[in-house]
Amino acid sequence: MKRITIWNEINWKRCSIELKILQNKLAIASSNGVYDQTCKQLQAQIVKSFAARALAVKSVVSKGGKKSPGVDNVIWDSAHKKAKAIEQLLNTANYKAQPVKRVEIPKKEIGEI
């Protein structure tokens, strides 16, 4: 799939179909019971595919917490930022996982109702 940097022009149905095809190939390859080079290649192909990256960004911005920033304090609220996020996900060479944002939930004391 060619790269589209305009968020509103992404063909979501096509992205979903392409990702399902890749996932099915991976499921078939891994069902053989041997984790071999083919599975690793398919996983890398999924991670680098435009369809997977676009659907990942869409999933994040369509959830209930779309208005709250993550650990990087960035909110993808415009079409330009969303398209830029898709492109940034391609650069996995320098990727380092960041810690999960911790939110403390106040607990009631025992005996306090």
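Calculation criteria
- Residues numbered from 1 in each chain as written.
- Predicted model: local features only at pLDDT ≥ 70, side-chain atom pairs only at ≥ 80, totals over all residues.
- Heavy atoms only, no water.
- Helix = DSSP H or I, 4+ residues; strand = E, 2+ residues; numbered from the N terminus.
- Expected span 1.5 Å × (residues − 1).
- Buried < 20%, exposed > 50% of the residue type's maximum accessible area, 1.4 Å probe, protein only.
- Arc of directions from axis to C-beta.
- Contact = heavy atoms within 4.5 Å.
- Polar contact = N/O pair within 3.5 Å; in protein donor to acceptor, adjacent residues only side chain to side chain.
- Axes fitted to C-alpha atoms, helices over the stretch in contact; angles between N-to-C directions.
- Parallel < 35°, antiparallel > 145°, perpendicular 65-115°, else oblique.
- Left-handed = near helix turned anticlockwise from the far one by under 90°.
- Salt bridge = Lys/Arg side-chain N within 4 Å of Asp/Glu carboxyl O.
- Phe/Tyr/Trp six-rings, centres within 6.5 Å; stacked < 30°, edge-to-face > 60°.

Draft legend 1. Broad picture of helix α1 (residues 12-30). Here α1 contains 19 residues, and its C-alpha end-to-end distance of 27 Å stays within 8% of the 27 Å for a straight helix at 1.5 Å per residue. Listed as buried for α1 are C15, L19, L22, L26 and A29. End-on, the buried residues of α1 take up no more than an arc of 85°, which puts them together on one face. Along α1, the residues that are exposed and aim more than 90 degrees away from the buried face are K13 and I28. Along its buried surface, α1 packs onto α2 (37-48) and α3 (50-61). Where α1 begins, one side-chain oxygen reaches toward the backbone nitrogen of K13, 3.4 Å away; that side chain belongs to N11.

Draft legend 2. Highlighting the packing of α1 against α2. Between α1 and α2, whose axes approach to 9 Å, the crossing angle comes to 165°. Classed by the angle they form, the pair α1 and α2 counts as roughly antiparallel. Here the hand of the crossing between α1 and α2 comes out left-handed. Every residue of α2 that contacts α1 at L19, L22, Q23, K25, L26, A29 and S30 is listed here: T38, C39, L42, Q43, Q45 and I46.

Draft legend 3. Spatial organisation of the pattern of salt bridges. Within the structure shown, the criterion is met by 2 salt bridges. Salt-bridge contacts for K81 lead to D77; the nearest nitrogen and oxygen are separated by 3.3 Å. Overall, the relative accessible area of 38% leaves K81 in the partly exposed class.

Draft legend 4. Expanded view of the packing of aromatic side chains. Taken as a whole, this structure holds 1 aromatic pair when the rule is applied. When the ring of W7 is compared with that of W12, the centres are 5.0 Å apart and the planes differ by 65°; the resulting orientation is edge-to-face. A residue is classified by how much of its surface remains accessible, and W7, at 10% relative accessible area, is buried.

Draft legend 5. Region of interest: α3. With 12 residues, α3 should cover 16 Å at 1.5 Å per step; its first-to-last C-alpha distance of 17 Å lies within 8% of that length. Listing the buried residues of α3 in full gives F50, A51, A52, R53, A54, V57 and V61. Buried residues along α3 sit against α1, α2 and α4 (79-88).

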